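The residues making up each chain are set out below.
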Amino acid sequence: MKHWWWKIAAIALVVYSIVMGLIGNVPRLDILNETIRNLYFHVPLWFAMLTQMGISWFFALRYLNGYHIKYDILSSRAAYVGGMFALPGIITGSVWATYTWGKPWVADDPKLQGVMASMLVYFVYYLLRALIPDAQTKARISAVYNIFAFIMTFVFIMIYPRLAPNSLHPGNGGNPAFGKYDMDNGMRMVFYPACMGWILMSVWLLNVLNRMKKLQYKLDNHEEIN
Amino acid sequence: MQSNLNTSSIIALLKKEFLLEFRQKTSLASILLYVLSIVFISFLSFKSGIKPDVWGALFWLVLFFAGINAASKSFFTESKARSIYNYTLYHPTEFVISKIIYNIVLLWVVCLCSVLTFGWMISFPVQNVLLFVLTLLLGSAALGGSLTLMSCIASKTGNSYSVMSLLSMPVCIPVMLLSLRLTKNAIDGLDWLVSYKYLGGLFIIDVIIISLSLFLFRYLWKE
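Anyway, here's the lowdown on the structure attached to this text. (Residues numbered from 1 in each chain as written. Chains lettered and ligands numbered in written order. Predicted model: local features only at pLDDT ≥ 70, side-chain atom pairs only at ≥ 80, totals over all residues. Heavy atoms only, no water.)

## A few points about the interface of chain A and chain B
Contacts between the two partners involve 29 residues from chain A, matched on the other side by 32 residues from chain B. Both sides together, the interface formed by chain A and chain B hides about 2700 Å², and carbon and sulfur atoms give 81% of it. The three residues of chain A that bury the most area against chain B are Phe-148, Met-152 and Leu-163 of chain A, which together make up 25% of that side's buried surface. The interface formed by chain A and chain B contains zero salt bridges. Run the count over chain A and chain B and you get three residue pairs in polar contact (both at pLDDT 80 or more). Mapped by element, the contributors of at least two residues to the side of chain A that touches chain B are helix 2 (42-64), helix 4 (110-131) and helix 5 (135-163) of chain A. Looking at the side of chain A that touches chain B, the element that brings in the most residues is helix 5 of chain A, giving 14 residues. (Contact = heavy atoms within 4.5 Å. Buried area = accessible area lost by both parts, 1.4 Å probe. Salt bridge = Lys/Arg side-chain N within 4 Å of Asp/Glu carboxyl O. Polar contact = N/O pair within 3.5 Å; in protein donor to acceptor, adjacent residues only side chain to side chain. Helix = DSSP H or I, 4+ residues; strand = E, 2+ residues; numbered from the N terminus.)

Here you go:
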């Protein structure tokens, strides 16, 4: 019970948010109508992705401070998990946009541009890792790119929307915070657990992938990781 | 790592870069030829005339790819033996400062040439010239800083140029978007008040990029 209580919590929260997200009460709003339920799925997936990107960035820094391969493994796995959460995030967003904005992808929304830029960054990161054969060089070079790219996308996501306040996202006045969504208290009771649940899920996935990669590394290199 | 930065060695490195540039004129000439031919191609493709906002987009695309061409040379030409020689002589920060300054100056030259070729062949629709010049200076400084780091990363992967452009594109998107918006304001001759916050944003990005490059380079340099 000591080690896996949070996994139970993750399952419980995600199941609760899916069930309540589909059958719970939502406010009736123009245009949004029932699509407001997408808030329970789309936004938490992005939060999980951002958490993983943050973890990846943090451990890239840790790696450069001492060159321990375990931090590189953790950092790169977090980047992969982030990518895994970005894909459903972008799909749920596109489906939602088709029914509210009329098009799956619109031109003039800083959030969409920021998301696309950060996804490109992480695809290039995976490519960079695939191109360098030697494990230590790979770790060092990709950690540098990771740190640089994360800060650039962070700047992009945090500064650019404030400069160009024409986002089409609901409850937006150039501010990427979520306090102004058209939520009532009933929705918050589902939204916050959904965020918690998906973030815990992503951490769980990271945990599994990290252990797998460590075992793989031990098998390939016949050395212990400390 | 203690910072025993030596201004004289930065100046020596810069002198070396510029001397090399003047001795082998092919590298600068190839960039200028690149700009000339791409502007000529765009002139041929937009026969009916280029609208002002298309002009801005075209200008920055030409500048971006010419910049990748220019900056990619800064690490690909370093041979293994010369790198080892450099390790013994210089502090990595000295080395990267000289490379960044060199690349920024190179990009400013490319900017000047692009403006001249655009004005000569297509048009020069900019109304607020001072704002445009400021945008060029700040925008190409940001490009120069990030392209220097990306060039160093790309030189480690072996296959150079395609990786270089792939690496640089996503990290340069914020710079490109801000510069494009400022260029559009300059073309339309809008009031300065509209542009202050974008100029500020571009300046902040400049500072972030250059300090990150200075901080991260030491981890890339040595094998």
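## Focus: the environment of Phe-18 of chain B
Residue and element names in this part refer to chain B. Counting through the fold element by element, Phe-18 comes out in helix 1 (residues 7-23). Sequence separation between Phe-18 and Lys-197 is 179 residues; the distance between their C-alpha atoms is 35 Å. Residues in contact with Phe-18, not counting those within four places in the same chain, are Tyr-102 and Val-105.

## So, the packing of aromatic side chains
Per the stated rule, a full pass over the model turns up 27 aromatic pairs over all chains. Their ring planes at 25° and their centres at 5.3 Å tell us that Trp-57 of chain A and Phe-150 of chain A sit as a pair that is stacked. Linking Trp-57 of chain A in helix 2 with Phe-150 of chain A in helix 5, this pair joins segments that are 93 residues apart in sequence. Taking 6.2 Å as the distance between ring centres and 20° as the angle between the ring planes, the aromatic pair formed by Phe-95 of chain B and Phe-217 of chain B counts as stacked. Here Phe-95 of chain B, found in helix 5 (residues 92-122), pairs with Phe-217 of chain B, found in helix 8 (residues 192-221); they are 122 residues apart in sequence, far enough to count as distant. A single burial state applies to Phe-95 of chain B and to Phe-217 of chain B, both of which are buried. Pairwise contacts between aromatic rings join Trp-55, Phe-59, Trp-60, Phe-118, Phe-124 and Phe-132 of chain B into one cluster. (Phe/Tyr/Trp six-rings, centres within 6.5 Å; stacked < 30°, edge-to-face > 60°. Buried < 20%, exposed > 50% of the residue type's maximum accessible area, 1.4 Å probe, protein only.)

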